[in-house]
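Descriptive analysis of the structure
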Amino acid sequence: MCPFQIKDSITQKTTGLMRMQFWRDAVEDIYSDNPPHQPVATELWRAVKKHNLTKMWFMKIIDEREKNLDDRPYRNIQELETYAENTQSALLYLTLETLGVRDIHADHAASHIGKAQGIVTCLRATPYHCTRQKVFLPMDICMLHGVSQEDFIRGKQEKNVRDVIYDIASQAHIHLEHARSFSKKVPVKAYPAFFCTVALDDYLYNMRKVDFNIFHPSLQKTSTLLPLYLYIRSWKTTY
């Protein structure tokens, strides 16, 4: 089980900490050329050897996921962005390395796309989390609009609740626009790492269509047109 799956599969923090420590030790062993006899770790070792992947990015992912086991809401949007940078963006940095891309402009784009992906993931998971009596949305934005965690848990759809979602979704959109501002300087062979923007754009577009009602059933459905959008984005050589 990889670090990204641990939080959703445990009921006690202690168990999660033990599993995170396993992966921390596994990464250390991989970079000592002595991977544990575990299928994912073995494949990771092969990827590290083949692409000379940076150890720091793996450790950032594990450390940030470990801190996230506390199951508390983000205090502000910056805290959510930090989490996204150290997890989603770190994965994109590793993806760029597997593509043979080591470029500062690509890294800048990856940073912003990773933050957008983290924000959208938080939004998309909100209805599910609410069914478990949990809300992880940034508290500063909720307080700004006078919205409580209980409002989300009860599935309220008043304007102030939608305003919270609008503010958070807008931040994701801003990061995507920043990422695209580097497009003319990013090597073309880096683009496949950034095609996740297709799904992000689709979700944010659908969010606007339902006036930022996070609980609208349409937002929980996967668009059947995503493969087509992905093909078009690839054909146009854009992200």
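Right, let's get into the packing of helix α6 (residues 104-131) against helix α10 (residues 197-209). It is the contact of α6 with α10, at a shortest axis distance of 10 Å, that shows an interaxial angle of 45 degrees. Classified by the angle between their axes, α6 and α10 sit oblique to one another. The element α6 and its partner α10 pack so that their crossing is left-handed. Contacts between α6 and α10 involve I113, A116, Q117, V120, L123 and R124 on the former and, on the latter, T197, L200, Y203, L204 and M207. In terms of residue class, the contact of α6 with α10 is made up of eight nonpolar, two polar and one charged.

Membership of the largest hydrophobic core comes to 33 residues, with the highest contact counts inside it found for F58, L96, V186, A190, F194 and Y239. Ignoring sequence-local partners within four residues, the contact set of Y239 consists of A109, I113, A179, R180, F182, S183, V186, Y191, F194, T197 and R233. Counting residues in each nonpolar core, the second largest holds 32 residues, with L123, C130, C142 and L200 among its members.

Another aspect to go through is the environment of H51. Looking at the secondary structure, you find H51 in helix α3 (residues 39-51). It is 9.3 Å that separates the C-alpha atoms of H51 and L94, two residues lying 43 residues apart in sequence. Once residues within four sequence positions are removed from consideration, H51 is found in contact with E97, T98 and R102.

For the structure shown, the criterion picks out seven aromatic pairs. Centre to centre, the rings of F194 and Y239 are 5.1 Å apart; their planes meet at 65 degrees, and the pair counts as edge-to-face. Within this pair, whereas F194 is found in the loop between α9 (159-180) and α10, its partner Y239 is found in the segment after α11 (226-236), the two being separated by 45 residues in sequence. What makes F194 buried here is its relative accessible area of 0%. Ring pairing ties together the aromatic residues Y191, F194 and Y239, which thus form one cluster.

We now examine the pattern of salt bridges. Inspection of every chain in the model, using the stated rule, returns 17 salt bridges. K55 is the partner of E28 in a salt bridge, and the nearest nitrogen-oxygen pair spans 2.7 Å. Here K55 lies in helix α4 (residues 55-67) and E28 lies in helix α2 (residues 13-31), a separation of 27 residues in the sequence. Look at E28 and you get partly exposed, because its relative accessible area is 35%. The exposure class assigned to K55 is partly exposed, which follows from its relative accessible area of 28%. Here E177 and R180 are joined by a salt bridge, their closest N and O atoms 3.9 Å apart. Taken together, the positions of E177 and R180, both in helix α9 and three residues apart, correspond to about one turn of that helix. With relative accessibility at 40%, the residue E177 sits in the partly exposed group.

Quick notes on the rules
- Residues numbered from 1 in each chain as written.
- Predicted model: local features only at pLDDT ≥ 70, side-chain atom pairs only at ≥ 80, totals over all residues.
- Heavy atoms only, no water.
- Axes fitted to C-alpha atoms, helices over the stretch in contact; angles between N-to-C directions.
- Helix = DSSP H or I, 4+ residues; strand = E, 2+ residues; numbered from the N terminus.
- Parallel < 35°, antiparallel > 145°, perpendicular 65-115°, else oblique.
- Left-handed = near helix turned anticlockwise from the far one by under 90°.
- Contact = heavy atoms within 4.5 Å.
- Nonpolar A, V, L, I, M, F, W, Y, C, P; charged D, E, K, R; others polar.
- Core = buried A, V, L, I, M, F, W, Y, C linked by side-chain atoms within 4.5 Å.
- Buried < 20%, exposed > 50% of the residue type's maximum accessible area, 1.4 Å probe, protein only.
- Phe/Tyr/Trp six-rings, centres within 6.5 Å; stacked < 30°, edge-to-face > 60°.
- Salt bridge = Lys/Arg side-chain N within 4 Å of Asp/Glu carboxyl O.

Remember that the coordinates give geometry; whether it matters functionally is a separate question.
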